[in-house]
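Examination of the molecular architecture
Single-letter residue listing:
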Amino acid sequence: MNDLTLFNDLFDGFGDDFAFPTLALSKVLPNPKVDVKEDKDAYTLEMDLPGKTEKDVDIELKNNVLTISSEAKSEKDEKKEEKEEKKEEKEGAKWLIKERSYSKFRRSFTLPNDVDCEKVSASVKNGVLVVKMPRHEVEKAKHIEIKSA
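Source: prediction; values computed, not measured. (Residues numbered from 1 in each chain as written. Predicted model: local features only at pLDDT ≥ 70, side-chain atom pairs only at ≥ 80, totals over all residues. Heavy atoms only, no water.)

1. Remarks on the overall build of the chain
Scanning the chain for helices and strands turns up 2 helices and 8 strands. Reading the chain from its N end, one meets helices and strands in the order β-α-β-β-β-β-α-β-β-β. Buried positions account for 21% of the 149 residues belonging to the chain. Taking the contacts inside the chain whose residues are at least 6 apart along the sequence as the reference set, 60% of them involve residues at least 24 apart. Of the accessible surface of the chain, which amounts to about 12500 Å², a share of 51% is contributed by carbon and sulfur atoms. (Helix = DSSP H or I, 4+ residues; strand = E, 2+ residues; numbered from the N terminus. Buried < 20%, exposed > 50% of the residue type's maximum accessible area, 1.4 Å probe, protein only. Contact = heavy atoms within 4.5 Å. Areas by Shrake-Rupley, 256 points an atom, 1.4 Å probe, with all protein chains shown as cover.)

Below, the structure written as C-alpha cells:
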C-alpha cells in the first residue's frame, strides 16, 4: 500500500449488534488539514497549525500508525485569559467579536510499509508542521517452488 490511510471518519463505527453508527462530535469539529507528498526517497506530511509551537503538539508513532495531537489551551492559559477579561471589564472594555478559540485535535494515519519508522522526523516553522518519513526498500515476496511428491 502506497497511500496514507486516514482514520478520521465522521462516524466512530458500528456497535456490537450492527446498530446505527454513532456521531463523534470531536470529529465533526474542524481538524487541521494536511497535505501529503510522495517522492522516491520519502513521504512529507504538512499540517497547518497557526499559533502552535513544538511544545503544543504531540506526535506518536506506534505499530505503523502516526498520530498527531494537540490539547486545548492549558489551565494556566485559561486562568490568565479570565484575569485579563476581568481587568478589561473594570476598564470599560468589552469584546465585540471573539472568534478565535483553542481546541484539541487528534489525527491518525496508517503509514505505508515502505516508511523507515526509525528515521521519521518533524519540525514546526511559521505555524506549519512538517513530518518527513523516509522510505526504504520493501522486502519482496519469496517465491517457493512446489515439488511433486
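2. Details of the pattern of salt bridges
One pass over the full model with this rule turns up 3 salt bridges. Arg135 serves as the salt-bridge partner of Glu38, at 3.0 Å between the closest nitrogen and oxygen. Of this pair, Glu38 sits in strand S2 (residues 34-38) while Arg135 sits in the segment after strand S8 (128-134); the two residues are 97 residues apart in sequence, bridging distant segments of the chain. Assessed through its relative accessible area of 22%, Arg135 is described here as partly exposed. Measuring nitrogen to oxygen at the nearest pair gives 3.9 Å for the salt bridge that ties Asp116 to Lys119. What emerges from the salt-bridge pattern is a single network uniting Glu38, Asp114 and Arg135. (Salt bridge = Lys/Arg side-chain N within 4 Å of Asp/Glu carboxyl O.)

3. Focus on the environment of Lys55
You can see Lys55 is positioned in the loop between strand S3 (42-48) and strand S4 (58-62). Residue Lys55 is classed as exposed on the basis of its relative accessible area of 74%. Sequence separation between Lys55 and Ser70 is 15 residues, and the spatial gap between their C-alpha atoms is 9.3 Å.

4. Quick look at the pairing of S4
Bridging between S4 and strand S5 (residues 65-70) involves 5 bridges; their strand directions are antiparallel. By the bridge assignment for S5, Ile59 is matched with Ile68. The hairpin formed by S4 and S5 contains 2 residues between the paired strands, and Asn63 there has a positive phi angle of roughly 55 degrees. (Pairing = 2+ DSSP bridges.)

5. Some thoughts on the nonpolar core
In terms of nonpolar packing, the biggest core is built from 14 residues, with Leu45, Met47, Ile68, Leu129, Val131 and Met133 touching the most fellow members. If we skip the residues at most four places from it in the chain, Met47 touches Pro32, Lys33, Val34, Ile68, Phe105, Arg107, Gly127, Val128 and Leu129. (Core = buried A, V, L, I, M, F, W, Y, C linked by side-chain atoms within 4.5 Å.)

6. What about the sheet that holds S8?
One open sheet holds the 4 strands; their spatial order is S2-S3-S8-S7, and the pairing between them is antiparallel. Only two strands of the sheet have a single partner each, and these edge strands are S2 and strand S7 (121-125). Strand after strand, the sheet turns through a mean of 15 degrees between neighbouring axes, direction not considered. Bridge analysis of S3 against S8 gives 7 bridges, and the strand direction is antiparallel. For Met47, the partnering residue across the bridge sits in S8 and is Leu129. (Axes fitted to C-alpha atoms, helices over the stretch in contact; angles between N-to-C directions.)

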